[in-house]
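Chain by chain, the residues run as shown.
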Amino acid sequence: MSGEEEENAAELKIGDEFLKAKCLMNCEVALILEHKYEQLQQMSDDPMNQVSQVFEKSLQYVKRFSRYKNPDAVRQVREILSRYQLAEFELCVLGNLCPETVEEAIAMVPSIKTKGRAHDDEAIDKMLNDLSLIKKFE
């Protein structure tokens, strides 16, 4: 048996490469792909010649599952979640799934309650309230 620990996202044991990787929420990917799509349309009289089926399906997917559409709201979501010193993985899961209660948030991202981290129920509730305000006023 090797000396490596088994990966477990619930405990934020997801491997060094993944912990260091920059993750994007669906709404951020949607903004990037929409910008690229607009560039492709400007470069060609027939934009369908420039856009692959995979690109188009990816754009449709992230637009469909993006909880935030407004670019300012997308920036605010990342800013708010970044204040809580979450791992990129945690930030994106919470930003994509938008839990409404502390219990839902912990069920989706159990690592936010890991021993030694400063995320008590009150802090998690404040974070969720901040996110819901963005969604409400978007």
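Rules used throughout
Residues numbered from 1 in each chain as written. Predicted model: local features only at pLDDT ≥ 70, side-chain atom pairs only at ≥ 80, totals over all residues. Heavy atoms only, no water. Helix = DSSP H or I, 4+ residues; strand = E, 2+ residues; numbered from the N terminus. Axes fitted to C-alpha atoms, helices over the stretch in contact; angles between N-to-C directions. Parallel < 35°, antiparallel > 145°, perpendicular 65-115°, else oblique. Left-handed = near helix turned anticlockwise from the far one by under 90°. Contact = heavy atoms within 4.5 Å. Nonpolar A, V, L, I, M, F, W, Y, C, P; charged D, E, K, R; others polar. Polar contact = N/O pair within 3.5 Å; in protein donor to acceptor, adjacent residues only side chain to side chain. Expected span 1.5 Å × (residues − 1). Buried < 20%, exposed > 50% of the residue type's maximum accessible area, 1.4 Å probe, protein only.

I'm lost on unusual backbone geometry in this one. Help?
Where the residue is not glycine, phi is negative for most of them; where a peptide bond is considered, it is trans in most cases. The phi dihedral of Q85 is positive, around 50 degrees, even though this residue is not glycine. For Q85, the location among the structural elements is in the loop between α4 (71–82) and α5 (88–97).

Teacher, can you tell me more about the packing of α4 against α5 here?
How two helices pack is summed up by the angle between their axes together with the distance between the axes. Running from amino to carboxyl end, α4 crosses α5 at an angle of 130 degrees, the nearest separation of the two axes being 10 Å. Between α4 and α5, the interaxial angle falls into the category oblique. In terms of crossing hand, the pair formed by α4 and α5 is right-handed. Contacts between α4 and α5 involve V77, R78, L81 and S82 from the first element and E88, L91, C92, L94 and G95 from the second.

Help me understand the packing of helix α2 (residues 26–43) against α4, please; the structure alone is not making it clear to me.
Direction vectors running N to C along α2 and α4 enclose 140 degrees, while the axes themselves pass 10 Å from each other. Taken together, the axes of α2 and α4 lie oblique to each other. Where α2 crosses over α4, the two elements pack in a sense that is left-handed. Of the residues in α4, those touching α2 at C27, E28 and L31 are P71, V74 and R78. Across the contact of α2 with α4, the residue classes tally to 4 nonpolar, no polar and 2 charged.

Help me understand the side chain of E88 in this model?
Note on placement: E88 falls in helix α5. Side-chain polar atoms of E88 contact the backbone nitrogen of C23, separated by 3.2 Å. Beyond its immediate stretch of four places on either side in the chain, E88 contacts A21, K22, C23 and R78.

What am I meant to see in α2 here?
Residues separated by three or four positions in an α-helix point in the same direction, a consequence of the helix having 3.6 residues per turn. Along its 18 residues, α2 runs 26 Å from first to last C-alpha, staying within 8% of the 26 Å computed at 1.5 Å per residue. When α2 is considered as a whole, its buried residues turn out to be N26, C27, E28, A30, L33, Y37 and L40. Structurally, α2 contributes buried residues whose contacts are with α3 (53–65), α4 and α5.

Help me out: how do you make sense of the environment of E7 in this one?
When you line up the elements, E7 lands in the segment before α1 (16–20). In this structure E7 comes out as exposed when scored by relative accessible area, which is 56%. Excluding its chain neighbours within four sequence positions, the residues that come into contact with E7 are K13, I14 and G15.

Would you explain the side chain of R78 in this entry?
You can see R78 is positioned in helix α4. Look at R78 and you get buried, because its relative accessible area is 11%. R78 has contacts with K22, C23, L24, M25, E28, E88, L91 and C92, leaving out every residue within four places of it along the chain.

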